[in-house]
Amino acid sequence: MIKINENFLRLKDNYLFSNINQRVNQYLKQNPLADIIRLGIGDVTRPIPKAITSAIKKAAEELEDKETFKGYGPEQGYDFLKEKIIKNEYRGLNIKSDEVFISDGAKCDTGNIIEIFDKDIKVGITDPVYPVYLDSNIMCGRKDTDIIYINATEKNDFTPIPEELEEVPDLIYICSPNNPTGVAMKKEILEKWVKFAREQGSIILFDDAYEAFIEEEDIPHSIYEIEGAKEVAIEFKSYSKTAGFTGLRCAYTIVPKELVVKRQIQEITDSFSNNLGNNSISINKLWNRRSTTKFNGVSYVIQRAAEAVYTEEGKKGINENIKYYKENTKIILEGLKKAGITCYGGINSPYIWMKIPKGISSWEYFDILLKQYNIVGTPGVGFGTNGEGYFRLTAFGDRDKTKEAMERISKG
Ligand code: MLT
């Protein structure tokens with residue numbers, strides 16, 4: 001008899017943002033004229049800079065010609081893009097081409113990476129957290145007792161430190177600047193996590209998707225700025241929020257060759273060892289094995305688009321877009337302050353984590369904002385128990401709509 005993977009039955013009915021969409025569509029069915037302002041899912045609204053769309057057109061034309069046509073590309077990504085990434089994002093950090101894996105999204109990679117680790121390990125995730133980490137771990141069979149929830153609350157300024165842990169996680173997800181709280185980890189805190197991972201033999205999964213929004217000096221742009229991180233951390237980056245690629249899809253994951261785990265079984269093939277000796281298994285080689293088996297790479301056209309992000313014109317265009325979103329965060333922070341609402345984040349991040357009035361649940365607040373103000377946001381509890389009492393707004397919306405949303409909220 002056919003049997004399903006019962007772990008899926010342990011998931012909530014819907015992925016958070018699908019759930020929100022359903023509720024909004026339901027409301028729109030009953031109120032088709034409602035002027036909805038969407039500040040819920042972190043989806044970009046600024047058009048893609050011309051340097052990037054021109055690269056797409058040029059690459060597409062190459063495919064029309066027999067001489068320049070491309071079929072399958074390297075599963076790990078084309079060298080032309082990897083070289084640009086190393087030069088522009090990892091200058092001086094000694095990242096090598098075969099440590100860069102181009103993919104179709106940090107969402108997929110942060111979920112897929114756990115496949116290469118044993119089911120029987122403990123995984124640390126913050127609470128609140130980007131729901132993909134938790135759901136992916138549930139799908140692969142991890143029980144609640146295998147998850148170590150790391151509190152990120154007002155008490156610790158939404159910045160947990162390893163000293164607060166009661167148990168040692170084998171894998172630790174860190175997202176900084178954080179989704180959903182919008183708070184970024186200072187260098188000294190990230191140093192503590194790297195030190196902890198090195199001492200305990202843990203691996204950090206560092207989600208750096210919002211790096212482009214960092215503006216304060218003491219916030220690292222990559223975990224590899226921390227000494228010793230290459231031996232304990234995998235980093236995920238994405239063009240989605242940086243360059244407006246939520247629809248185009250392109251990201252990359254860095255798996256350093258220094259990152260190894262102890263061999264558990266002797267019989268396995270030596271090809272996964274690395275030059276540090278036979279007793280250590282290279283995570284880079286395992287991820288490469290997984291990627292070449294299950295992935296055929298990001299399309300040539302889109303990788304050329306990502307390459308164009310690093311041209312002078314591309315950089316100028318995306319910087320203008322980031323500036324636009326950052327101006328939106330200011331408008332939201334000021335608007336909420338004016339309305340007497342306490343909020344966090346928004347400085348190094350496109351997310352604003354607002355405190356909602358006592359006695360109202362975050363889903364109730366969602367309904368109030370939707371029905372009374374026609375504004376869509378994200379209820380904090382969708383990101384975990386500690387998210388109850390909070391609500392997330394994004395700065396990725398249209399400027400005039402963002403202003404209008406703040407006017408609606410401040411009028412009460
Ligand atoms: C979010 O709103 O949390 C993000 O857009 C989700 C994502 O990047 O997948």
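**Section: the sheet that holds strand 8 (residues 251-254)**
In step 1: Taken in spatial order, the seven strands of this open sheet run 2-8-7-6-5-3-4, and their pairing is mixed. Looking at strand neighbours, the two that pair on one side only are strand 2 (100-103) and strand 4 (147-151), the edges of this open sheet. Strand-to-strand, the axes of this sheet are offset by a mean angle of 25 degrees, without reference to chain direction.

**Concerning empty space enclosed by the protein**
In step 1: Scanning the entire structure with this criterion turns up two cavities of 30 Å³ or more.
In step 2: In this structure, the largest cavity is lined by 13 residues; those nearest its centre are Phe158, Pro160, Cys175, Asn178 and Met185.
In step 3: No other element matches the three residues that strand 5 (residues 171-175) contributes to the lining of the largest cavity.
In step 4: Per-class residue counts for the lining of the largest cavity are nine nonpolar, four polar and no charged.
In step 5: Taken as a whole, the second largest cavity spans an internal volume of roughly 40 Å³.
In step 6: Taken together, Val44, Arg46, Lys241, Thr242, Ala243, Gly244, Ile318, Asn321, Ile322 and Tyr325 form the lining of the second largest cavity.
In step 7: Those elements that place two or more of their residues in the lining of the second largest cavity are helix 7 (240-243) and helix 10 (312-338).
In step 8: Residue contributions to the lining of the second largest cavity peak at four residues, all from helix 10.
In step 9: A domain-level breakdown of the lining of the second largest cavity finds at least three residues from each of domain 1 (6-47 + 312-411) and domain 2 (53-308).

**Concerning the domain arrangement of the protein**
Accessible area lost upon the coming together of the parts serves often as the stated size of an interface.
In step 1: When the domains of the protein are assigned, the result is domain 1 (6-47 + 312-411) and domain 2 (53-308).
In step 2: In this structure, domain 1 and domain 2 have C-alpha centres spaced 26 Å apart.
In step 3: The partner domain 2 presents 43 residues to the 34 residues of domain 1 that form the contact.
In step 4: Buried area between domain 1 and domain 2, summed over both chains or domains, comes out near 3,100 Å², and the portion from carbon and sulfur atoms is 58%.
In step 5: Linking domain 1 with domain 2 are two salt bridges, by the criterion used here.
In step 6: Among the salt bridges present, the one from Lys326 reaches Glu215, with a minimum N-O distance of 3.1 Å.
In step 7: Scanning the region where domain 1 abuts domain 2 turns up 17 residue pairs in polar contact (both at pLDDT 80 or more).

**Concerning the pairing of strand 13 (residues 351-355)**
In step 1: Burial analysis of strand 13 places four of its five residues in the buried class, which makes it a mostly covered element.
In step 2: Sheet topology places strand 12 (residues 343-345) next to strand 13; three bridges connect them, and they run antiparallel. Within the sheet, the bridge partner assigned to Gly345 lies in strand 13 and is Ile352.
In step 3: The hairpin formed by strand 12 and strand 13 contains five residues between the paired strands, and Gly346 there has a positive phi angle of roughly 80 degrees.
In step 4: As defined by bridge partners, strand 13 adjoins strand 16 (residues 390-394) across five bridges and the pair is classed as antiparallel. In the sheet register, Tyr351 faces strand 16, and the bridge partner there is Thr394.

About the criteria used
For every chain, the first residue of the written sequence is number 1, and numbering continues from 1 along that sequence. For this predicted model, a pLDDT threshold of at least 70 governs which residues receive local features, and a threshold of 80 or more governs which side-chain atom pairs are given and counted, while totals over whole chains, interfaces and linings are taken from all residues. Note: side-chain values were computed over all heavy atoms of the structure, leaving out hydrogens and water. Paired strands, in this sense, are two strands between which DSSP finds at least two bridges. Under the DSSP-based scheme used, a helix requires at least four consecutive residues in state H or I and a strand at least two consecutive residues in state E, with every element numbered from the N terminus. Helix axes are fitted only over the stretch in contact, all axes being lines through C-alpha atoms; the angle between N-to-C directions runs from 0 to 180 degrees. The definitions used throughout rest on a 1 Å grid laid over the protein atoms alone, on which a cavity is an enclosed set of points accommodating a 1.4 Å probe that cannot get out and a pocket is an open set flanked by protein within 12 Å on both sides along at least five of seven lines; lining residues are those having an atom within 4 Å of a point. Grid points are joined across faces, edges and corners, and a volume is the space filled by probe spheres set on the points. Three classes are used: nonpolar for Ala, Val, Leu, Ile, Met, Phe, Trp, Tyr, Cys and Pro, charged for Asp, Glu, Lys and Arg, and polar for all others, with Gly counted as polar. Just so you know, the domain bounds were taken from an automatic or database domain assignment. In this analysis, two residues are considered to be in contact whenever any of their non-hydrogen atoms come within 4.5 Å of each other. By definition, the buried area sums, over both parts, the 1.4 Å-probe accessible area that each loses when the two are put together. Think of a salt bridge as a Lys or Arg side-chain nitrogen and an Asp or Glu carboxyl oxygen that are within 4 Å of each other. Pairing of N or O atoms within 3.5 Å defines a polar contact, subject to two protein rules: one partner must be a possible hydrogen donor and the other a possible acceptor, and residues neighboring in sequence count only if both atoms are side-chain atoms. Partly exposed describes any residue whose relative accessible area lies between the buried limit of under 20% and the exposed limit of over 50%, with all areas from a 1.4 Å probe on protein chains only and scaled to the type maximum.

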